[in-house]
Amino acid sequence: MTKFNELPISPMIIRAVEEMGYEEATPIQASAIPAIMEGHDVLGLSNTGTGKTAAFGIPAIELIQESHRHPKVLIICPTRELVEQVATELRKFSKYKEGIKIAPVYGGQPIDRQIQLLKRGCAIVVGTPGRIMDHLRRRTLRFHECDMVILDEADEMLNMGFKEDIEEILKALPDDKHPQTILFSATMPDAILKITKEFQTDPIKVQIKSAQRTIDTVAQMYYEVPRGKKVNALRVLLNHYDPELCMIFCNTKRMVDELSEELNHHGLKAVGLHGDMKQAQRDRVMGQFRDGKCPILIATDVAARGIDVDNISLVINFDLPQDHEYYIHRVGRTGRAGKKGKAVTLISGKKQFRDLKEVMRDTKTNIAKRLLPTTQQLEAANRKNFIIEVLSACNEGVNQDSLEIANDLLAEGIAVENLISALISMNYHNEVIDIEDSDAVRRYSREFDAVKLNLNVGKTHGIQTGNIVASIIEETGISAGAIGRIDVRSNFSLVDVDAAKVDLVLEKMQGAHIRGQEVTIQIDEAPKRKKAQEKKNTAKRGHSQARHRDANSKSRKNDRHRGGSQAKSSRRISNRKKR
Ligand code: ADP
Ligand code: MG
């Protein structure tokens, strides 16, 4: 553990850093600060949240001894947020060092204003590659006095397509006394190595391997979610954890958009952030998130890179990241500054479960299994909350208006219990979010002895599983639960049916029509098909089948979820009235 006063930095900065609440230097700071202070080129590799800003920011401030007309330090960051973040942080470090001017420059802001700012002179420029290039071309920015250049989130800048800009900027630096070149990155792709080779001189590599620091303080959990129910499960979990600030990660921009729309549709205040957004939009989104107006931020890994918001209490992996390294980046967003954080990962299906196991292995972390609440539990929770609400309303005493209405109602001769019951059913909507496995086929198929039937209709007849289910239910009147796996092949289909219903199905389906195709049906005598093949088909089949079934037969289950209990209670009241 290294204290700041053990590092070669001036008392003014130590004082400022202590005021910021930093007690000890982080590993990357402890290693990089001395190397940079000694004048070496440095290549720093460490994950998000390990304190890189101070690692280069403190030496940058130290370098400034007087006021400068042209920048002595150039810091290049990928996004406007990062530029602002770094500039703000640097101003804090330099609190007790007078007259250090820091100029942030980035796209999306009127260039004239920036030109004015630069004209007044500044010691440190923090900017995005594009805008720095812009100023270079206009000659509103000159680097002949530049002694230090810092690339923050270098890999990210390359990802974002800033390679040429960066190279051009680095080439524009004075040749005679090439400035000290510092490069920070979370990963080390070849492109970074290339830049290092070309633009750094004997760089000292500072690499902080351990991911421990970032996720030690994070409780990590995963939930298995039925296919197609992730959004619903997410809503349930957001209710359950009720986070102050929450970050949700998706793998695609499209999912970011869809998810934020979906959550907002359900009254959850979420905003999305991804690479396609204009700078002004990004700023707005980050502002809304930071000040808690929209406490849920949905982002892709790339868009979220480097963004530093401290008090995120919950991170949700809506999908597992393609690159397992990112799991640590994501989870490291919470549990910062000694606070406890939670990270939740949603997985659906075997493939994702395998991915999860791999993530655990690759990142050497344990992610604990948690169970989603059952529908009954959700209903019970609703009921309990309702009772609590009513009790607390009772505690508020009697309201005159209400009392008068109550008396009017009683004057109608209605029994008190009827009255209460009616009022409750008017106010109590026991709606629960559906997170049950609607892929019921697979579950049911285990619950009866199945007989495999062979129907002469298949894909070439335009038949899908849903058509078969709908038709069997319609013709035979058996419940969907008596139908098991359905395998639609090109010219025929295989259907598992409860042995107890087989005769009925054979009788009624013989000669029936499915999508205009006359059906011939018999018990399947084909030899057992290869297991692997069957497994593969089942996964696909079960899913679409269940969906079709919901749509076709207006599933009872859905009725129950969509306020079905309310319907139930009103029935009870009308029963009572009849009596
Ligand atoms: P990185 O650039 O590596 O992602 P940051 O520089 O943004 O990390 O720092 C992440 C967070 O940790 C910030 O909130 C920062 O204020 C805090 N931090 C940095 N260094 C220290 C330290 N030595 N002690 C405590 N907190 C720190
Ligand atoms: Mg950073």
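To be clear, the structure that these remarks concern was listed above.
Residues numbered from 1 in each chain as written. Chains lettered and ligands numbered in written order. Predicted model: local features only at pLDDT ≥ 70, side-chain atom pairs only at ≥ 80, totals over all residues. Heavy atoms only, no water.

Novice: Teacher, can you tell me more about helix α1 (residues 11–19) here?
Specialist: One turn of an α-helix holds 3.6 residues; hence residues three or four places apart share an orientation. Buried within α1 are the following residues: Ile 13, Ile 14, Ala 16 and Val 17. Each buried residue of α1 lies within a common arc of 165 degrees when the element is viewed along its axis, so the set occupies one face. Contacts from the buried residues of α1 go to α3 (52–63) and α4 (80–93). Looking one or two residues past α1, Gly 21 carries a phi angle of roughly 90 degrees, positive in sign. (Buried < 20%, exposed > 50% of the residue type's maximum accessible area, 1.4 Å probe, protein only. Helix = DSSP H or I, 4+ residues; strand = E, 2+ residues; numbered from the N terminus. Arc of directions from axis to C-beta. Contact = heavy atoms within 4.5 Å.)

Novice: Teacher, can you tell me more about unusual backbone geometry here?
Specialist: Where the residue is not glycine, phi is negative for most of them; where a peptide bond is considered, it is trans in most cases. Notably, Asp 202 is not glycine yet its phi reads approximately 40 degrees, a positive angle. When you line up the elements, Asp 202 lands in the loop between α9 (190–199) and β9 (204–207). The backbone phi angle of Asp 242 is positive, close to 45 degrees, even though this residue is not glycine. With a relative accessible area of 61%, Asp 242 lands in the exposed category.

Novice: What is the right way to look at the site of ligand 1 in this model?
Specialist: Close to ligand 1 lie 17 residues; Tyr 22, Glu 24, Gln 29, Gly 49 and Thr 53 are nearest. Measuring from a nitrogen atom of ligand 1, one finds a backbone N or O atom of Glu 24 at 2.6 Å. For ligand 1, an oxygen atom lies 3.1 Å from a polar atom in the backbone of Gly 51. Of all the secondary structure elements, the ones that give two or more residues to the shell around ligand 1 are β2 (24–25) and α3. Of the residues in the shell around ligand 1, the class split is three nonpolar, eight polar and six charged. (Near = heavy atom within 4 Å. Polar contact = N/O pair within 3.5 Å; in protein donor to acceptor, adjacent residues only side chain to side chain. Nonpolar A, V, L, I, M, F, W, Y, C, P; charged D, E, K, R; others polar.)

Novice: For this particular structure, what's the right way to read the pattern of salt bridges?
Specialist: When the charged atoms of two side chains with opposite charge come close together, those side chains can pair. Overall, the coordinates contain 18 salt bridges when judged by the stated rule. Between Asp 147 and Lys 177 there is a salt bridge, and its shortest N-O distance comes to 3.1 Å. Separated by 30 residues along the polypeptide, Asp 147 in the loop between α6 (129–138) and β7 (148–151) and Lys 177 in the loop between α8 (163–171) and β8 (180–185) bring together distant segments of the chain. For Asp 147, a relative accessible area of 23% translates into the label partly exposed. Lys 177 gets classed as partly exposed once you look at its relative accessible area, which sits at 40%. Notably, a salt bridge pairs Arg 330 with Asp 301, separated by 2.8 Å at the nearest N-O pair. Of this pair, Arg 330 sits in helix α15 (residues 325–331) while Asp 301 sits in helix α14 (residues 301–304), and the two are 29 residues apart along the sequence. For Arg 330, a relative accessible area of 0% corresponds to the buried category. Judged by relative accessible area, which is 13%, Asp 301 ranks as buried. Taken together, the shared-partner salt bridges connect Lys 72, Asp 147 and Lys 177 into one network. (Salt bridge = Lys/Arg side-chain N within 4 Å of Asp/Glu carboxyl O.)

Novice: For this particular structure, what's the right way to read the environment of Ala 87?
Specialist: Structurally, Ala 87 is set in helix α4. Distance from Ala 87 to Val 125, taken between C-alpha atoms, is 8.6 Å for residues 38 residues apart in sequence. The contacts of Ala 87, once residues within four sequence positions are left out, are Ile 102, Pro 104 and Val 126.

Novice: Teacher, can you tell me more about the sheet that holds strand β15 (residues 341–347) here?
Specialist: As a general point, the strands of a sheet are linked pairwise by backbone hydrogen bonds and lie either parallel or antiparallel. Strand order in the open sheet made by the seven strands is β12-β13-β11-β14-β15-β10-β16, with parallel pairing throughout. Single-partner strands in this sheet number two, and they are β12 (270–273) and β16 (368–370). Between one strand and the next, the sheet's axes are offset by a mean angle of 25 degrees, whatever the strand orientation. Pairing analysis gives four bridges linking strand β11 (residues 246–249) to strand β14 (residues 314–317), with the strands arranged parallel. Among the inter-strand pairings, Phe 249 is bridged to a residue of β14, identified as Asn 317. Docked against the sheet, helix α13 (residues 279–290) engages β11, β12 and β13 (296–299), running at close to 140 degrees with respect to β12. (Pairing = 2+ DSSP bridges. Axes fitted to C-alpha atoms, helices over the stretch in contact; angles between N-to-C directions.)

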